[in-house]
Amino acid sequence: MKAKGYLLAGAAVVLAVAFLLVCSEGKSEETVIDFKIKGMTCNHCVENVTKALQSVEGVDTAIVYFEEDSAVVRYKDQKPSEEALVKAVEKAGYGAEVMSEAGAPAEND
Ligand SMILES: [Cu+2]
């Protein structure tokens, strides 16, 4: 039966595409920087901080968590300057601190 053959071919294509999608996702070298954000009091603040972070060169996406007073910045090729990110947030009227991977404030002397 020809129809069965087409069906099998179709299933193979679907599997191949799904496989490629999974692979490309694993390959993308997206990395994150975590921040502690200070001074946010409402969702408008969240928007301000998000925009400030996203305005910095190299930032792919910025997600701000109001309840945790934190933000996660994702970047791809070139790591954005942490100093530039902190300054952007401060310029918007809030405080920002880079967190270490363990979630504790990064040491700075
Ligand atoms: Cu606000």
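The paragraphs below set out a description of the structure included in this document. No experiment lies behind these values; they were computed from the predicted model shown.

**Points about the overall build of the chain**
Now for step 1: Scanning the chain from terminus to terminus reveals 3 helices and 4 strands.
Now for step 2: In sequence order, the secondary structure elements of the chain are arranged as α-β-α-β-β-α-β.
Now for step 3: For the chain, the proportion of its 109 residues judged to be buried stands at 17%.
Now for step 4: In the chain, the share of contacts with a sequence separation of at least 24, taken over all contacts with a separation of at least 6, comes to 57%.

**Let's talk about the nonpolar core**
Now for step 1: Judged by nonpolar contacts, the single largest core of 19 residues is most densely connected at Ile37, Val49, Leu53, Ala71, Val73, Leu85 and Val89.
Now for step 2: Going through the elements one at a time, strand 1 (31-38), helix 2 (43-54), strand 2 (59-65), strand 3 (70-75) and helix 3 (82-91) are the ones with two or more residues in this core.

**Let's talk about the environment of Val98**
Now for step 1: Here Val98 is to be found in strand 4 (residues 95-98).
Now for step 2: Looking at Val98, the number of C-beta atoms within 10 Å reads 16, which means it is partly exposed.
Now for step 3: Sequence-wise, Val98 and Phe35 are 63 residues apart; in three dimensions their C-alpha atoms are separated by 4.5 Å.

**As for helix 2**
Now for step 1: Over its 12 residues, helix 2 runs 16 Å from end to end, which matches the ideal 16 Å to within 8%, given 1.5 Å per residue.
Now for step 2: In the core, the buried residues of helix 2 are packed alongside strand 1, strand 2, strand 3 and helix 3.

**Points about the environment of Phe35**
Now for step 1: Relative to the helices and strands, Phe35 resides in strand 1.
Now for step 2: Residue classification places Phe35 among the buried positions, given that 26 C-beta atoms sit within 10 Å.
Now for step 3: Taking the C-alpha atoms as reference points, Phe35 and Glu82, separated by 47 residues in sequence, lie 9.5 Å from one another.
Now for step 4: Once residues lying within four places of it in the same chain are set aside, the contact partners of Phe35 are Ser70, Ala71, Val73, Ala96, Glu97, Val98 and Met99.

**Digging into unusual backbone geometry**
Now for step 1: Of note in the backbone geometry, Asp69 takes a positive phi value of approximately 50° without being a glycine.
Now for step 2: Looking at the secondary structure, you find Asp69 in the loop between strand 2 and strand 3.

Cut-offs applied
- Residues numbered from 1 in each chain as written.
- Predicted model: local features only at pLDDT ≥ 70, side-chain atom pairs only at ≥ 80, totals over all residues.
- Helix = DSSP H or I, 4+ residues; strand = E, 2+ residues; numbered from the N terminus.
- Buried ≥ 20, exposed ≤ 12 C-beta atoms within 10 Å, placed from the backbone.
- Contact = placed C-beta atoms within 7 Å.
- Core = buried A, V, L, I, M, F, W, Y, C linked by C-beta atoms within 7 Å.
- Expected span 1.5 Å × (residues − 1).

In short, the description is geometric, and any link to function would need to be established separately.
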